[in-house]
Each structure stands twice: as C-alpha cells, then as structure tokens.
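Spelled out, the chains give:
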There are 2 protein chains.
Amino acid sequence: MDLRHLRYFVAVAEEENIGRAAARLHISQPPLTRQIQQLEEELGVTLFIRTPRGMELTQAGELFLEEARNIRALVEQATERTQRAGQGKLGRLDVGIFGSAILDAIPKLLLAFRNRYPDVKVVLHTMTKAEQIEALRQRRITVGFNRMLAPLDDIGVCQVGTEGLLVAIQADHPLARQPVVRFAELQHHPMILFPTGARPSFIDRVIGWCTESGFQPQISQEVGDAVTGVALVASGFGICLVPDSATTLQFPGVVYRALSDTPPNFLVDLSCIYRKDDQSPLLAAFMETVDAFRTGDRKH
Amino acid sequence: MDLRHLRYFVAVAEEENIGRAAARLHISQPPLTRQIQQLEEELGVTLFIRTPRGMELTQAGELFLEEARNIRALVEQATERTQRAGQGKLGRLDVGIFGSAILDAIPKLLLAFRNRYPDVKVVLHTMTKAEQIEALRQRRITVGFNRMLAPLDDIGVCQVGTEGLLVAIQADHPLARQPVVRFAELQHHPMILFPTGARPSFIDRVIGWCTESGFQPQISQEVGDAVTGVALVASGFGICLVPDSATTLQFPGVVYRALSDTPPNFLVDLSCIYRKDDQSPLLAAFMETVDAFRTGDRKH
DNA sequence: CTGCTCAATACCTCCAGGGTATGATCCAGC
DNA sequence: GCTGGATCATACCCTGGAGGTATTGAGCAG
C-alpha cells in the first residue's frame with residue numbers, strides 16, 4: 001500500500017464516481033480504476049459496490065475511509081511539524097548557565113528568544129564552566145553561558161555583552177559612608193572572591209587588577225558564585241566585587257558602591273559557547289537572537 | 001512522500017547506518033541513499049547528520065521518527081481493521097424484529113452470533129413486516145425477522161424455525177379447567193387476534209384454521225402483537241392463540257393450554273429476510289450463524 | 001433499439017525505483 | 001604517511017509499474 005492509494009481512495013469515496021474522482025486527481029479514469037482494484041486486492045476486501053450510477057462504499061470501505069483520512073491528516077501534520085523543527089521553530093533547547101548569570105542578561109535574552117520561537121522548549125541547567133564544556137561535547141546542552149571563556153578547537157565563543165563592576169559592602173562598614181570608593185581603598189579590607197572551580201576565572205581577574213594597582217588583596221573566602229558572595233557580605237565576611245547586575249540582589253544590610261580610579265579594562269564579559277560543528281537550526285535560531293540582542297543592547 | 005519513504009527512514013534511523021538498513025530492507029545501499037535524500041529534499045529538512053561512522057538523527061529527525069513510527073502503526077492497524085470488517089468480524093449489524101420474536105428464538109440466535117463475532121455491534125429495531133421491508137430496501141437494516149414472509153423480487157427469505165401454538169386463557173375461564181382444549185371449542189369464545197398491519201398475516205392464518213374446522217371465530221380485538229394479546233387475555237377480553245414461546249410471558253391470571261384436534265399445518269414459522277443483492281460480509285456471517293442455529297435447533 | 005453514463009479492459013509510453021560499479025572521506029593500524 | 005576498511009555519495013543502466021488513449025461491456029432512460 002501507498003499514500004497514493006489512500007489519496008485516490010478518499011477521492012473516489014468522496015466523489016462516489018471514478019470519473020469525477022479521476023478529474024479531481026488530474027489523472028484519467030482507467031489508472032484510477034486499477035489503483036482502486038489494487039488496493040482492494042492488497043487488502044483482500046471489497047471497498048466499493050459498483051453500481052450503474054457509480055461507486056458506493058461498503059461497510060468495510062466506510063471504516064477504511066475514516067482510517068485513510070486520519071492517516072493522511074497525520075502525514076500532513078508530521079511534515080508540517082518536522083519542517084518547523086527543521087527551521088528551529090519547534091523543539092527543545094538545553095542551555096547551560098551559571099549562578100549569577102540569571103540576574104540580568106539571560107532572562108532578557110531568553111524572553112526575546114521565547115517571543116520569536118514560542119514552540120521551542122528552553123531548559124536551563126546550572127553548571128560550572130568545565131561542566132558546560134563537557135555537557136556541550138556530550139550534547140547534553142546546545143549552548144552555555146559563562147564569563148572569561150577561551151575559544152577551544154571544537155567550541156566556539158560569542159560575546160553577548162560586558163558589565164561594569166561594583167563593590168558590595170556591609171551597610172555599617174566604614175567604606176559604605178562614601179558614595180564612590182577608590183579602587184586602591186579595597187586593599188585594606190578582606191575580600192570575598194568567586195567562583196571556585198576551573199581557573200583562570202574571575203578570581204584571577206580580580207587578583208590581576210589588584211596587582212596592577214600595586215597591592216595584594218586580602219582574601220577572606222572563596223565562594224561558588226556572586227549570590228553566595230553577596231550573602232557573605234551581608235554576614236560581615238568582607239567586601240565583594242560583583243557585576244553591575246548583582247544590584248538585583250537587595251540583601252538587607254548590603255549596599256553597592258561604584259568604584260573610581262579603576263585599573264584598565266575593569267569589566268567582565270558574558271559570552272556564550274556552542275559546538276563549532278553543531279549545524280542544528282535551533283542553535284542557529286538562538287545565535288541569531290543573541291546577535292539581535294547584542295546590537296539591540298548596544299543602542300542603549 | 002510515500003509510505004516507502006517512511007519505512008526506509010525508520011530503518012536508517014534505527015540502524016544509524018545506510019548499509020545495514022539497506023540489508024535489512026533487502027535493497028542495495030545506493031537506492032536507499034537516494035530515497036533518504038529525496039525525503040529530506042521534499043521536506044526541506046536535514047533529517048540526518050552524516051558522520052564517517054554512520055547516520056545520526058537531527059532533532060527534526062528525531063521528531064519525524066516518532067511521527068513516522070506512529071503513522072506506520074496506524075496504517076498497519078487500518079489494514080487489519082478493514083480486513084476484519086471485510087470478513088464480517090467488525091462492524092454494525094442492524095436487525096429488524098417484531099414484538100414477540102424477542103421471546104424465544106431471537107435472543108438465542110443473537111447470543112450465538114455475538115459469541116462468534118464479538119466485535120460486531122448488533123442493533124435491534126422493532127418494526128412491522130412492511131416497515132422491515134422498506135427499511136431493508138433503504139439499507140437501514142440488514143436483516144429482518146418476521147412470520148409468514150413471502151419472497152419478493154429483491155428480498156430473500158430464510159426460514160429459521162417453526163413453533164407450535166397454545167391458547168392463552170384467563171385463569172378463571174371455564175376452558176381453563178381442562179388440561180387440553182379441543183380446537184373446535186374455541187368457536188364459542190371471543191378471540192383476540194394479532195398482528196394489525198399488513199395482510200396476509202397471522203390473523204388470516206387463524207381465520208383459515210377456524211374455517212377449515214367449520215366455524216367463524218368471534219373476533220374480540222385486533223392488537224399489535226402477542227404481548228399485547230396476552231395482556232388483554234389477563235384483562236378478560238377473550239382468548240388468544242399464541243406461539244409456544246409466549247409462555248415466557250407469565251401474566252398473573254393467564255394460563256396456557258395445549259390444543260387437540262387441530263387443523264393440518266397448525267404451526268407458525270419464524271423467518272428472516274434480507275436484500276438479495278446484499279453482498280455484505282456481515283450478512284453472510286449472520287446467515288451462516290442462522291444456518292448453524294437451524295441445524296443445531298433441529299437436533300433437539 | 002439507441003444513446004448515455006458508468007466502470008473495466010487492452011495496450012502503449014515513460015519515469016522512477018532498484019541494481020552494479022565507482023568515487024570521496026574519514027579513520028585505524030602498520 | 002600510506003594503505004585498507006568502512007561509510008556515504010555519485011554515475012549509469014534496466015525494468016516494473018503508474019499513467020495515458022482507445023475501446024469494450026453493462027445498465028438504464030427515452
């Protein structure tokens with residue numbers, strides 16, 4: 001059996017007349033007669049009663065008509081859905097993120113993506129930089145977000161944006177009295193650093209800036225992410241350099257202060273990574289959205 | 001697209017290797033390659049990633065695989081169901097019956113049919129002889145049951161069985177004192193006759209028997225069926241000749257008595273009727289069951 | 001009986017599905 | 001680094017079957 005047989009059968013059943021059905025199918029009558037005969041023979045069932053006025057469905061034919069219509073509709077639907085999936089408009093996108101990325105850029109980006117591709121199910125996985133790379137290679141995720149990413153042979157990097165830095169200070173701390181803190185002043189206060197895990201990381205960046213400014217930071221704690229860091233600031237463990245977006249975290253007893261006299265390149269980046277050989281239309285769709293987001297962002 | 005494409009696609013998706021899939025499909029590798037390419041081209045979607053180790057499904061391919069399997073299963077199911085319908089094992093059988101036929105033969109017959117063809121839905125319609133014939137011609141029913149059926153040009157008749165007759169009498173009636181009633185004794189008592197409607201009917205039969213026995217019956221009432229007749233007997237309207245199976249009706253105040261000295265051929269038949277040109281496998285299945293029932297019945 | 005309307009049959013053509021042979025890549029092992 | 005094996009892709013041929021035209025056969029109405 002063949003989808004053609006179903007199409008022909010439905011036409012004949014609906015027209016109740018081989019000639020008209022043939023016209024509707026843009027073929028001539030004899031081939032259609034033969035196809036119907038073939039179908040009946042293959043099924044071993046009489047589907048039509050031939051009358052001098054046309055073709056009339058048998059009971060078995062009635063049943064087969066329902067089934068045939070159903071199958072044809074499903075084929076239609078399958079092609080349509082597959083095409084949408086092929087255009088990246090349908091499917092599932094697994095995204096690796098890190099703790100504090102959720103604070104600013106990622107939600108906006110994902111919102112933009114959802115608006116463009118509402119039928120793509122986005123699944124977020126919190127994981128470290130190293131875990132993200134492993135997950136990418138194992139295809140458990142399609143894109144990952146992190147900071148300070150170095151390109152690799154098989155992993156591509158695309159910078160999404162940059163953020164400035166603030167210092168998070170306990171509210172009753174002496175430094176909190178000033179509206180702006182000079183970077184060098186940080187040297188006298190214990191500092192909370194993050195993230196733990198694979199180096200080089202933001203920690204090395206911070207230590208580098210201190211060194212450039214002529215001092216060694218007093219390291220109080222190393223913690224997993226900015227959220228934990230700010231929580232420890234609230235508990236009085238020290239001060240903590242955080243990206244601008246951390247101001248979303250309004251812990252009681254924590255204030256954020258801008259910095260002056262900062263070392264050059266006093267920024268952190270946010271980048272996304274993906275498998276270079278990934279041809280998935282979903283990735284393409286997502287990267288396109290990322291691109292639009294970057295240019296949109298720069299306009300502000 | 002074609003069911004072949006689906007079959008091939010599923011094979012390749014499952015084997016993840018065109019060569020092995022081709023072997024499984026008993027074709028050679030190049031045509032299979034082409035069919036897959038055609039499918040991809042027709043859908044406009046890349047379904048596989050070609051690797052040096054074989055074929056790997058894309059996300060769109062995964063989705064299409066599900067759909068394809070589903071469609072193939074439905075096609076399978078559709079052919080199977082249609083074949084069962086073509087053998088009369090699946091479908092709906094509309095049966096015309098008359099009031100009192102439900103008392104004996106019909107339930108047994110339908111039970112036998114249900115056992116043989118459990119997936120055929122039997123729908124009963126109570127209608128008169130004339131209505132049955134009209135309904136047969138209009139295809140509203142496939143078989144009808146009645147008594148004293150004459151064959152027609154387009155309607156076939158098949159006798160299912162015969163029944164003897166009893167007389168239903170009010171319990172305190174003088175005749176009720178005798179264990180057996182002589183037929184000629186009926187002449188002195190008002191008689192309830194049935195059925196109303198198309199003649200000739202059982203009424204003419206009864207009048208004929210009376211005439212043969214040398215008397216005119218005193219007609220008390222003409223009613224629709226045996227059930228109503230016996231109900232009127234209980235109410236004292238007279239006596240009523242009924243088929244044996246009417247003893248199923250145990251009205252308080254009604255007794256049944258056998259008859260002696262009866263006229264020749266003192267029997268009623270039960271027959272079924274059907275459209276002579278009906279080739280439906282359901283009818284064939286039913287008539288086969290009727291046949292088995294008749295021979296089974298005669299053995300008793 | 002004739003003309004009309006169906007479906008079925010006979011016969012032809014040509015394309016597409018299947019076959020064989022070969023190419024293009026990639027990887028493993030010497 | 002070359003060679004052999006595995007895999008998919010390409011080139012080309014052949015044949016079955018889908019589709020076409022012409023015709024027959026069978027009911028039915030006038």
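Residues numbered from 1 in each chain as written. Chains lettered and ligands numbered in written order. Predicted model: local features only at pLDDT ≥ 70, side-chain atom pairs only at ≥ 80, totals over all residues. Heavy atoms only, no water.

A few words on the overall build of chain A. The secondary structure content of chain A amounts to nine helices and 13 strands. Taking 2.2 N^0.38 as the reference for a compact globule, 300 residues should give roughly 19 Å; the C-alpha atoms of chain A span a radius of gyration of 32 Å, well beyond that estimate. In chain A, which comprises 300 residues, the share counted as buried stands at 48%. Across chain A, the centroid of the 32 positively charged side chains sits 3 Å from that of the 35 negatively charged ones. (Helix = DSSP H or I, 4+ residues; strand = E, 2+ residues; numbered from the N terminus. Rg over C-alpha atoms; globule rule 2.2 N^0.38 Å. Buried < 20%, exposed > 50% of the residue type's maximum accessible area, 1.4 Å probe, protein only. Lys, Arg positive; Asp, Glu negative; His and termini not counted. Charge placed at Lys NZ, Arg CZ, Asp CG, Glu CD.)

This part covers the protein's contact with DNA strand D. In the region of DNA strand D, 22 residues are neighbours, and Tyr8(A), Ser28(A), Arg34(A), Gln29(B) and Arg50(B) sit closest. Here DNA strand D approaches the protein such that, of its atoms within 4 Å, sugar and phosphate make up 65%. The backbone of Gly19(B) places a nitrogen or oxygen atom 3.4 Å from a phosphate oxygen of DNA strand D. Going through the elements one at a time, helix 1 (3-15) and helix 3 (29-43) of chain A together with helix 2 (18-25), helix 3 (29-43) and strand 2 (54-57) of chain B are the ones with two or more residues in the surface near DNA strand D. Among the elements that make up the surface near DNA strand D, the one with the highest residue count is helix 3 of chain A (five residues). (Near = heavy atom within 4 Å. Polar contact = N/O pair within 3.5 Å; in protein donor to acceptor, adjacent residues only side chain to side chain.)

Attention now goes to helix 1 (residues 3-15) of chain B. Helix length check: helix 1 of chain B, at 13 residues, gives a terminal C-alpha distance of 18 Å against a target of 18 Å (1.5 Å per residue), a fit within 8%. Regarding helix 1 of chain B, the residues found buried are Leu3(B), His5(B), Leu6(B), Tyr8(B), Phe9(B), Val10(B), Ala11(B), Val12(B) and Ala13(B). On its buried side, helix 1 of chain B packs onto helix 1 of chain A together with helix 2, helix 3, strand 1 (48-51), strand 2 and helix 4 (59-86) of chain B. Of the residues trailing helix 1 of chain B, Glu16(B) is marked for its positive phi of about 55°. (Expected span 1.5 Å × (residues − 1). Contact = heavy atoms within 4.5 Å.)

Here we take up the sheet that holds strand 5 (residues 143-146) of chain A. Residues and elements named next belong to chain A. Strand order across the open sheet formed by five strands is 4-3-5-13-6, with mixed pairing between neighbours. One side of each edge strand has no neighbouring strand; the edge strands of this open sheet are strand 4 (120-126) and strand 6 (155-163). Geometrically, the sheet is characterised by an average inter-axis angle of 20° between neighbouring strands, direction not taken into account. Here strand 3 (residues 91-97) pairs with strand 5 via two bridges, running parallel. The residue of strand 5 that forms the bridge with Val-95 is Val-143. (Pairing = 2+ DSSP bridges. Axes fitted to C-alpha atoms, helices over the stretch in contact; angles between N-to-C directions.)

All right, on to the protein's contact with DNA strand C then. Within the structure, DNA strand C sits among 22 residues, and Ile18(A), Gln29(A), Arg50(A), Ser28(B) and Arg34(B) are positioned closest to it. Contact distances for DNA strand C include 2.7 Å between a base nitrogen and a side-chain N or O atom of Gln29(A). Within the side chain of Gln38(B), one N or O atom sits 3.1 Å away from a phosphate oxygen of DNA strand C. Residue assignment for the surface near DNA strand C shows that the elements contributing at least two residues are helix 2 (18-25), helix 3 and strand 2 (54-57) of chain A together with helix 1 and helix 3 of chain B. Residue composition of the surface near DNA strand C, by class: nine nonpolar, 10 polar and three charged. (Nonpolar A, V, L, I, M, F, W, Y, C, P; charged D, E, K, R; others polar.)

Our next topic: the relation of the copies chain A and chain B. Rotating chain A by 180° and moving it 0.1 Å along the rotation axis overlays it on chain B with an RMSD of 0.2 Å. Taken together, the turn and the small shift mark the pair as related by a two-fold rotation axis. A share of 100% of the interface residues of chain A reappears at the interface of chain B, consistent with the copies meeting face to face through the same patch. (Least-squares fit on C-alpha atoms with pLDDT ≥ 70 in both.)

Residue and element names in this part refer to chain A. The strand order 8-12-7-11-9-10 describes an open sheet built from six strands, whose pairing is mixed. The sheet is open, and its two edges are formed by strand 8 (180-182) and strand 10 (219-222), each paired on a single side. When strand polarity is set aside, the average angle formed by the axes of neighbouring strands in this sheet is 40°. Inspection of the sheet shows strand 7 (residues 165-170) paired to strand 12 (residues 254-260) by four bridges, in the antiparallel sense. Its bridge partner lying in strand 12, Ile-169 is registered against Val-255.

If you walk through the whole model with that rule in mind, you get 36 salt bridges over all chains. Among the ionic pairs, Glu15(B) bridges to Arg20(B), the shortest N-O distance being 3.4 Å. One salt-bridge network, held together by shared partners, links Glu14(A), Glu15(A), Arg20(A), Arg24(A) and Arg69(A). (Salt bridge = Lys/Arg side-chain N within 4 Å of Asp/Glu carboxyl O.)

This next bit is on the domain arrangement of chain A. All names here are of chain A. Segmentation of chain A into domains returns domain 1 (3-86), domain 2 (91-162 + 269-299) and domain 3 (165-266). Each of domain 2 and domain 3 has a C-alpha centre, and these two points are 27 Å apart. On the side of domain 3, 12 residues touch domain 2, which itself brings eight residues to the contact. Three residues, Ser-100, Leu-103 and Met-148, lead the burial of domain 2 against domain 3; their summed loss comes to 59% of the area buried on that side. On the surface where domain 2 and domain 3 come into contact, there are zero salt bridges. At the surface where domain 2 touches domain 3, the tally comes to one residue pair in polar contact (both at pLDDT 80 or more). (Domains from an automatic or database assignment. Buried area = accessible area lost by both parts, 1.4 Å probe.)

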